[in-house]
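# Overview (structure and organization)
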Amino acid sequence: MKLETFLQERSGNQCELTGVTEDLAIYEVNPDASSNPDRNVYITQKCINQIEKREELDASFWESFLLSSMWSEVPAVQVLSWRILNRFRNESWAADALDMMYLDDENMEWAKASGDHEGDGSVDLHKDSNGNILVNGDTVTLIKDLDVKGSSINAKIGTAVRNIRLVHDNTEQIEGKVDGQLIVILTKFVKK
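Because the structure is a prediction, the values reported are computed rather than measured.

## Things to note about the sheet that holds strand β6 (residues 160-161)
What links the strands of a sheet is backbone hydrogen bonding, and the strands pair in either a parallel or an antiparallel sense. Read from one edge to the other, the open sheet built from 3 strands follows the order β6-β3-β10, with strand pairing classed as antiparallel. Of all strands in the sheet, those with a lone pairing partner are β6 and β10 (190-191), marking the two edges. In this sheet, β10 lies alongside strand β3 (residues 140-142) in antiparallel orientation, the contact comprising 2 bridges. Looking at β10, one finds that T141 is bridged to K191.

Spelled out as C-alpha coordinates, the structure:
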(Lines give C-alpha, C1' and ligand atoms only; values in the text may rest on other atoms or scores of the structure.)
Protein backbone atom coordinates (compact mmCIF):
# COMPACT_ATOMS: atom_id res chain seq x y z
CA MET A 1 0.00 0.00 0.00
CA LYS A 2 1.24 3.49 -0.87
CA LEU A 3 2.52 5.46 2.16
CA GLU A 4 0.15 8.40 1.65
CA THR A 5 -2.86 6.11 1.31
CA PHE A 6 -1.86 4.27 4.48
CA LEU A 7 -1.42 7.54 6.42
CA GLN A 8 -4.75 8.90 5.15
CA GLU A 9 -6.52 5.75 6.35
CA ARG A 10 -4.70 5.72 9.68
CA SER A 11 -5.49 9.39 10.35
CA GLY A 12 -9.04 9.34 9.00
CA ASN A 13 -7.95 12.06 6.52
CA GLN A 14 -7.20 14.56 9.28
CA CYS A 15 -4.09 16.00 10.88
CA GLU A 16 -2.74 13.52 13.42
CA LEU A 17 -1.76 16.37 15.74
CA THR A 18 -4.66 18.81 15.42
CA GLY A 19 -7.58 16.99 13.78
CA VAL A 20 -7.80 19.63 11.03
CA THR A 21 -8.88 18.24 7.63
CA GLU A 22 -7.35 20.79 5.22
CA ASP A 23 -3.87 21.40 3.78
CA LEU A 24 -2.49 17.99 4.83
CA ALA A 25 0.88 16.52 3.90
CA ILE A 26 3.19 13.68 4.87
CA TYR A 27 5.84 14.67 7.37
CA GLU A 28 8.87 12.47 8.03
CA VAL A 29 9.75 12.38 11.70
CA ASN A 30 13.52 12.30 11.52
CA PRO A 31 15.96 10.77 11.90
CA ASP A 32 15.60 7.68 9.72
CA ALA A 33 12.00 8.22 8.64
CA SER A 34 12.30 6.66 5.14
CA SER A 35 9.03 5.07 4.04
CA ASN A 36 8.25 3.44 7.38
CA PRO A 37 4.64 4.46 8.21
CA ASP A 38 5.43 4.39 11.94
CA ARG A 39 8.02 7.12 11.37
CA ASN A 40 5.74 9.39 9.32
CA VAL A 41 2.68 11.45 10.18
CA TYR A 42 -0.08 13.13 8.21
CA ILE A 43 -0.29 16.74 9.41
CA THR A 44 -1.17 20.27 8.28
CA GLN A 45 1.25 22.65 6.63
CA LYS A 46 0.86 25.01 9.62
CA CYS A 47 2.12 22.23 11.91
CA ILE A 48 5.03 21.52 9.57
CA ASN A 49 5.99 25.21 9.43
CA GLN A 50 6.02 25.48 13.21
CA ILE A 51 7.84 22.18 13.73
CA GLU A 52 10.53 23.20 11.22
CA LYS A 53 10.71 26.70 12.74
CA ARG A 54 9.60 28.50 9.59
CA GLU A 55 7.09 30.49 11.60
CA GLU A 56 6.79 31.52 15.20
CA LEU A 57 5.40 29.02 17.66
CA ASP A 58 1.84 29.67 18.77
CA ALA A 59 1.31 28.33 22.30
CA SER A 60 -2.47 28.83 22.25
CA PHE A 61 -2.68 26.84 19.00
CA TRP A 62 -0.69 23.91 20.38
CA GLU A 63 -2.11 23.82 23.90
CA SER A 64 -5.55 22.68 22.81
CA PHE A 65 -4.22 19.95 20.50
CA LEU A 66 -1.13 18.51 22.19
CA LEU A 67 -2.97 17.56 25.35
CA SER A 68 -4.86 14.96 23.31
CA SER A 69 -2.34 14.04 20.57
CA MET A 70 0.27 13.11 23.18
CA TRP A 71 -1.89 10.05 24.00
CA SER A 72 -1.89 8.76 20.41
CA GLU A 73 -0.94 5.12 19.87
CA VAL A 74 1.15 6.11 16.84
CA PRO A 75 4.84 6.36 17.83
CA ALA A 76 5.60 9.22 15.40
CA VAL A 77 2.71 11.29 16.81
CA GLN A 78 3.93 10.64 20.36
CA VAL A 79 7.48 11.68 19.44
CA LEU A 80 6.34 14.89 17.73
CA SER A 81 4.03 15.74 20.62
CA TRP A 82 6.90 15.26 23.08
CA ARG A 83 9.25 17.42 20.99
CA ILE A 84 6.72 20.25 20.67
CA LEU A 85 5.78 20.08 24.36
CA ASN A 86 9.45 20.50 25.19
CA ARG A 87 9.55 23.74 23.23
CA PHE A 88 6.89 25.05 25.62
CA ARG A 89 8.27 23.41 28.77
CA ASN A 90 8.45 26.79 30.53
CA GLU A 91 4.66 27.08 30.37
CA SER A 92 2.74 25.27 33.10
CA TRP A 93 0.35 23.40 30.78
CA ALA A 94 3.27 21.91 28.81
CA ALA A 95 5.31 21.06 31.91
CA ASP A 96 2.27 19.26 33.39
CA ALA A 97 1.73 17.36 30.14
CA LEU A 98 5.38 16.30 29.99
CA ASP A 99 5.13 15.03 33.58
CA MET A 100 2.15 12.87 32.60
CA MET A 101 3.46 11.69 29.22
CA TYR A 102 5.13 8.31 28.84
CA LEU A 103 7.39 7.16 26.00
CA ASP A 104 9.06 3.76 26.01
CA ASP A 105 12.88 3.75 25.92
CA GLU A 106 13.12 3.30 22.14
CA ASN A 107 10.71 6.15 21.36
CA MET A 108 12.33 8.40 23.98
CA GLU A 109 15.71 7.84 22.33
CA TRP A 110 14.14 8.64 18.94
CA ALA A 111 12.46 11.78 20.37
CA LYS A 112 15.76 13.04 21.80
CA ALA A 113 17.77 12.21 18.66
CA SER A 114 16.90 15.52 16.97
CA GLY A 115 18.24 17.55 19.89
CA ASP A 116 15.25 19.86 19.44
CA HIS A 117 14.17 19.36 23.05
CA GLU A 118 17.31 21.13 24.29
CA GLY A 119 16.43 24.53 22.83
CA ASP A 120 14.00 27.03 24.25
CA GLY A 121 11.64 26.88 21.30
CA SER A 122 12.39 30.37 20.09
CA VAL A 123 12.41 30.79 16.35
CA ASP A 124 14.78 33.15 14.56
CA LEU A 125 13.04 34.56 11.51
CA HIS A 126 13.93 37.30 9.08
CA LYS A 127 11.72 40.29 10.00
CA ASP A 128 11.46 43.77 8.56
CA SER A 129 11.58 46.98 10.59
CA ASN A 130 7.90 46.57 11.52
CA GLY A 131 8.23 42.94 12.64
CA ASN A 132 6.68 41.41 9.50
CA ILE A 133 8.16 38.05 8.52
CA LEU A 134 10.19 38.11 5.31
CA VAL A 135 10.45 35.18 2.90
CA ASN A 136 12.45 34.55 -0.26
CA GLY A 137 10.92 36.37 -3.21
CA ASP A 138 9.33 39.21 -1.22
CA THR A 139 9.47 42.82 -2.32
CA VAL A 140 10.65 45.30 0.30
CA THR A 141 11.11 49.07 0.42
CA LEU A 142 14.11 50.84 1.91
CA ILE A 143 13.26 53.05 4.88
CA LYS A 144 16.65 54.80 4.94
CA ASP A 145 19.23 56.03 2.43
CA LEU A 146 22.01 53.44 2.32
CA ASP A 147 25.58 53.83 1.09
CA VAL A 148 26.70 50.55 -0.47
CA LYS A 149 30.19 49.66 0.76
CA GLY A 150 32.72 49.08 -1.99
CA SER A 151 30.52 50.81 -4.55
CA SER A 152 29.44 54.26 -5.65
CA ILE A 153 25.78 53.27 -5.35
CA ASN A 154 23.60 55.14 -2.89
CA ALA A 155 20.31 53.31 -2.36
CA LYS A 156 17.66 55.94 -1.69
CA ILE A 157 14.80 55.76 0.78
CA GLY A 158 11.68 54.37 -0.89
CA THR A 159 13.61 52.18 -3.34
CA ALA A 160 11.77 48.91 -3.97
CA VAL A 161 13.94 45.81 -3.78
CA ARG A 162 12.19 42.94 -5.55
CA ASN A 163 12.70 39.21 -5.27
CA ILE A 164 14.85 39.30 -2.12
CA ARG A 165 16.81 36.31 -0.85
CA LEU A 166 17.25 35.57 2.83
CA VAL A 167 20.80 35.21 4.14
CA HIS A 168 20.63 31.69 5.55
CA ASP A 169 22.88 32.05 8.57
CA ASN A 170 22.01 35.63 9.56
CA THR A 171 18.41 36.69 10.22
CA GLU A 172 19.39 40.36 10.20
CA GLN A 173 20.44 40.33 6.53
CA ILE A 174 18.79 39.88 3.14
CA GLU A 175 20.16 40.09 -0.39
CA GLY A 176 18.59 42.05 -3.19
CA LYS A 177 19.40 43.99 -6.34
CA VAL A 178 19.61 47.77 -6.31
CA ASP A 179 20.51 49.45 -9.62
CA GLY A 180 21.33 46.02 -11.05
CA GLN A 181 23.89 45.21 -8.35
CA LEU A 182 23.35 42.47 -5.76
CA ILE A 183 23.82 43.88 -2.26
CA VAL A 184 23.34 42.77 1.32
CA ILE A 185 20.79 44.84 3.24
CA LEU A 186 20.08 44.84 6.96
CA THR A 187 16.46 43.88 7.67
CA LYS A 188 16.07 46.79 10.08
CA PHE A 189 16.32 49.17 7.09
CA VAL A 190 13.45 47.65 5.04
CA LYS A 191 9.70 47.28 5.27
CA LYS A 192 7.46 44.82 3.48
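## Section: the side chain of D138
Within the secondary structure, D138 is located in the loop between α6 (105-112) and β3. For D138, a relative accessible area of 13% puts it in the buried group. Among the polar contacts made by the side chain of D138, one reaches the main-chain amide nitrogen of V135 at a distance of 2.9 Å. When residues no more than four places from it in sequence are discounted, the contact partners of D138 are I133, V161, R162, N163, I164 and K192.

## Some details on the nonpolar core
Note on soluble globular proteins: their nonpolar side chains tend to be buried together. Among the nonpolar cores identified, the biggest contains 35 residues, and L17, I43, W62 and L85 are the most heavily contacted of them. The element best represented in this core is helix α4 (residues 75-87), accounting for 7 residues. In contact with L17, other than residues within four places in its own chain, are I43, C47, I51, W62, F65, S69, V77, L80, S81 and I84. L146, V161, V178 and V190 belong to the second-largest nonpolar core, a separate cluster that totals 15 residues.

## Some details on the domain arrangement of the protein chain
Segmenting the protein chain into domains produces domain 1 (3-114) and domain 2 (138-191). On a C-alpha basis, the centres of domain 1 and domain 2 stand 38 Å from each other.

Thresholds, definitions, all that
Residues numbered from 1 in each chain as written. Predicted model: local features only at pLDDT ≥ 70, side-chain atom pairs only at ≥ 80, totals over all residues. Heavy atoms only, no water. Pairing = 2+ DSSP bridges. Helix = DSSP H or I, 4+ residues; strand = E, 2+ residues; numbered from the N terminus. Buried < 20%, exposed > 50% of the residue type's maximum accessible area, 1.4 Å probe, protein only. Polar contact = N/O pair within 3.5 Å; in protein donor to acceptor, adjacent residues only side chain to side chain. Contact = heavy atoms within 4.5 Å. Core = buried A, V, L, I, M, F, W, Y, C linked by side-chain atoms within 4.5 Å. Domains from an automatic or database assignment.

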